[in-house]
Amino acid sequence: MENKKRNPAIASEFKFENAQNTSGKSYARILTGDRPTGPLHLGHFCGSLKNRVALQNIYDTFILIADVQALTTNFDHPELLRQNIFNVALDYLAVGIVPEKSTIIIQSMINELAELTIFFSMFISINALKHNPTIKTEAKERGYKELNYGFLGYPVSQTADIAIFKADLVPVGLDQLPHIELSRKIVRRFNELYGGALIEPEALLSEFPKLIGLDGNLKMSKSYGNAIFLSDDFDTIKSKIKTALTDKSRIHPSDPGHPDICTIFSYHKTFSESNLTKNIEHDCTGGLIGCVQCKNNLYESIKNILIPMNEKRQYYKERTSEVWDILFAGTNKAKKIASETLREVKENMKINY
Ligand code: TRP
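Predicted, not measured: the structure shown is a model, and the values here were computed from it.

Reading the values: rules and limits
- Residues numbered from 1 in each chain as written.
- Predicted model: local features only at pLDDT ≥ 70, side-chain atom pairs only at ≥ 80, totals over all residues.
- Heavy atoms only, no water.
- Pairing = 2+ DSSP bridges.
- Helix = DSSP H or I, 4+ residues; strand = E, 2+ residues; numbered from the N terminus.
- Salt bridge = Lys/Arg side-chain N within 4 Å of Asp/Glu carboxyl O.
- Buried < 20%, exposed > 50% of the residue type's maximum accessible area, 1.4 Å probe, protein only.
- Near = heavy atom within 4 Å.
- Polar contact = N/O pair within 3.5 Å; in protein donor to acceptor, adjacent residues only side chain to side chain.
- Areas by Shrake-Rupley, 256 points an atom, 1.4 Å probe, with all protein chains shown as cover.
- Contact = heavy atoms within 4.5 Å.
- Phe/Tyr/Trp six-rings, centres within 6.5 Å; stacked < 30°, edge-to-face > 60°.
- Lys NZ or Arg CZ within 6 Å of the ring centre and 35° of its normal.
- Expected span 1.5 Å × (residues − 1).
- Arc of directions from axis to C-beta.
- Right-handed = clockwise from strand over helix to strand, strands pointing away.
- Domains from an automatic or database assignment.
- Buried area = accessible area lost by both parts, 1.4 Å probe.

Colleague: I'm lost on the pairing of strand S5 (residues 202-205) in this one. Help?
Modeller: A regular strand places its side chains on the two faces of the sheet in alternate fashion. For strand S4 (residues 169-172) and S5, the ladder comprises four bridges, and the chain directions are parallel. Residue pairing across strands places valine 170 opposite alanine 203, the latter belonging to S5.

Written as structure tokens, this is what we have:
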């Protein structure tokens, strides 16, 4: 039974369950993306990348490297985008996103997106954007007193990203939900106005607990300087873990610890085998293990996760042109879809001169 109170922007679990082809893959298309503003870290891995690796087996997966959206906050350094795009692609390939299952797209190469964004911008009010809670939070975090047109409007451009590829589902965390609601509103309005048949996207909510930062901050983030990057070498990871905040009340290894308030223990819960985690909890609480040993154990757990990723990373690092070819192939495939959608859009709007 449909839950009446369910948020209409969130996909119901059973909606796509019968829409599978013979290989067990759903026909539904998902679209996700990242701004290429720097290397991806363990927070991204737990929060979205790991999920995408699983989703690509079930859905027709499109992943957008949103370099235009990156310009909303990094417009003063466009020359960094090329390297950042490459590094994000390396991160994707390292974690196990495979080009046979996922179409990776460079946003700025799909110029149709700019056109669709302009069309959408005609009937979305500035107030709707100004009151978007995610925009508000982000602007506050970044200390913006005034909002640039492009920044304020990025949920509109994101709507174009989703609509142009006819994505059914967008895997997101709760903070992105206002954007999906807005996207649905825009698409609905477009369809009403012009009798079009754009797809109202739904959020595929994947709310994983946020990975806290090495400094105990609630969020691991590049800008807070508290992140372990997927591309960090093992020595760097080891020394980063060494500096991580633990239970401050513990001076000697024999002092009873409080795993529930310890950053390192929260990582153990995420990255270590459950037996090790249980032992650590027991030994820390009983003052039987010191923080140095506990951190070494964590380092080993994280290292084990990263070893197979580093092998893939190394393979592609030595084959730069293969990585770009993957990006260009994905982008070309996506471009065909985008130009077809834009053709339909203009036809619907009767501006297909
Ligand atoms: N907003 C996303 C981010 O900040 C990137 C993004 C751009 C995106 N377009 C999208 C995500 C479309 C989902 C769907 O990382």
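Colleague: How should I be thinking about the pattern of salt bridges in this particular structure?
Modeller: Oppositely charged side chains are able to pair whenever their charged atoms sit close together. Applying the stated rule across the entire model yields 15 salt bridges. Close ionic contact of arginine 343 with glutamate 347 constitutes a salt bridge, the shortest N to O distance being 2.8 Å. Here glutamate 347 and arginine 343 lie together in helix H14 (residues 320-348), a separation of four residues that amounts to about one turn. Look at arginine 343 and you get partly exposed, because its relative accessible area is 42%. Look at glutamate 347 and you get partly exposed, because its relative accessible area is 41%. Salt bridges sharing partners connect three or more residues here, namely Arg35, Glu138 and Arg142.

Colleague: What am I meant to see in the site of the ligand here?
Modeller: The full set of residues close to the ligand is Leu31, Gly33, Asp34, Arg35, Leu64, Ala66, Gln69, Gln158, Asp161, Ile162, Val170 and Gln176. Between the ligand and glutamine 158 there is a distance of 2.9 Å, counted from a nitrogen atom to a side-chain nitrogen or oxygen. For the ligand, a nitrogen atom lies 2.7 Å from a polar atom in the side chain of aspartate 161. Computed on the free molecule, the ligand has an accessible area of 360 Å², of which 87% lies beneath the protein chains in the complex.

Colleague: Whenever I open this one, the environment of threonine 236 confuses me. Can you help?
Modeller: Summarising the element assignment, threonine 236 is placed in helix H10 (residues 234-243). Among the residues examined, threonine 236 registers a relative accessible area of 27% and is labelled partly exposed. Of the polar contacts made by the side chain of threonine 236, one reaches the side chain of aspartate 233; its length is 2.7 Å.

Colleague: Before we go on, may I ask you to explain the side chain of asparagine 226 in this structure?
Modeller: Its place among the elements puts asparagine 226 in the loop between S5 and H10. Overall, asparagine 226 belongs to the buried group, its relative accessible area being 1%. A distance of 3.1 Å separates a polar side-chain atom of asparagine 226 from the backbone oxygen of lysine 219. In contact with asparagine 226, not counting residues within four places along its chain, are Gly213, Leu214, Asp215, Asn217, Lys219, Met220 and Ser221.

Colleague: Looking at this model, I keep getting lost on the packing of aromatic side chains. Mind explaining?
Modeller: Remark: the centre distance and the inter-plane angle together describe each pair of aromatic rings, the angle taken between the planes. Within the structure shown, the criterion is met by 11 aromatic pairs. An aromatic cluster of at least three residues, connected via ring pairs, comprises Phe120, Phe123, Phe190 and Tyr194. Its end group placed over the ring of tyrosine 154, arginine 35 keeps NZ or CZ at 4.6 Å from the ring centre. Over the face of the ring belonging to phenylalanine 234 we find lysine 303, whose NZ or CZ atom lies 5.8 Å from the ring centre.

Colleague: It is not clear to me how unusual backbone geometry should be interpreted in this structure. Could you clarify?
Modeller: When glycine is set aside, most residues are seen to have a negative phi, and most peptide bonds are trans. Residue lysine 166 is not a glycine yet carries a positive backbone phi of 55 degrees. Relative to the helices and strands, lysine 166 resides in the loop between helix H8 (154-164) and S4. Residue lysine 350 is not a glycine yet carries a positive backbone phi of 60 degrees. Within the secondary structure, lysine 350 sits in the segment after H14.

Colleague: Help me out: how do you make sense of helix H12 (residues 274-285) in this one?
Modeller: Since there are 3.6 residues in each turn of an α-helix, residues three or four apart along the chain are aligned in direction. The end-to-end C-alpha distance of H12, which contains 12 residues, comes to 16 Å, matching closely the 16 Å that a straight helix rising 1.5 Å per residue would cover. Those residues of H12 not exposed but buried are Thr277, Ile280 and Cys284. Angular distribution of buried residues about the axis of H12 spans 60 degrees; they occupy a single face of the element. Of the residues in H12, the exposed ones pointing more than 90 degrees away from the buried face are Ser274, Asn275, Lys278 and His282.

Colleague: What is the right way to look at the pairing of S4 in this model?
Modeller: Alternating positions in S4 separate into two faces, Leu169 and Pro171 on one and Val170 and Val172 on the other, with burial throughout. Handedness of the crossover is the feature at issue here: the chain leaves S4, passes through helix H9 (residues 177-194), returns alongside S5, and the resulting connection is right-handed.

Colleague: Which parts of the structure should I look at to understand the domain arrangement of the protein?
Modeller: Accessible area lost during the coming together of the parts is what is often quoted as the interface size. Examined at the domain level, the protein breaks down into domain 1 (12-211 + 320-348) and domain 2 (234-314). Taking only C-alpha atoms, the centre of domain 1 and the centre of domain 2 are 35 Å apart. Each side of the interface is counted separately: domain 1 has 10 residues, and domain 2 has eight residues. Summed over both partners, the interface of domain 1 with domain 2 buries about 800 Å², with 75% contributed by carbon and sulfur atoms. When the area that domain 1 buries against domain 2 is broken down by residue, the three leading residues are Leu42, Ala94 and Leu211, summing to 52%. Taken together, the links from domain 1 to domain 2 amount to one salt bridge. With a shortest N-O distance of 2.9 Å, aspartate 91 and arginine 313 are connected by a salt bridge. Taken together, the elements giving at least two residues each to the side of domain 1 that touches domain 2 come down to helix H1 (42-55) and helix H3 (81-95). Sorting elements by how many residues they give to the side of domain 1 that touches domain 2 places H3 first, with five residues.

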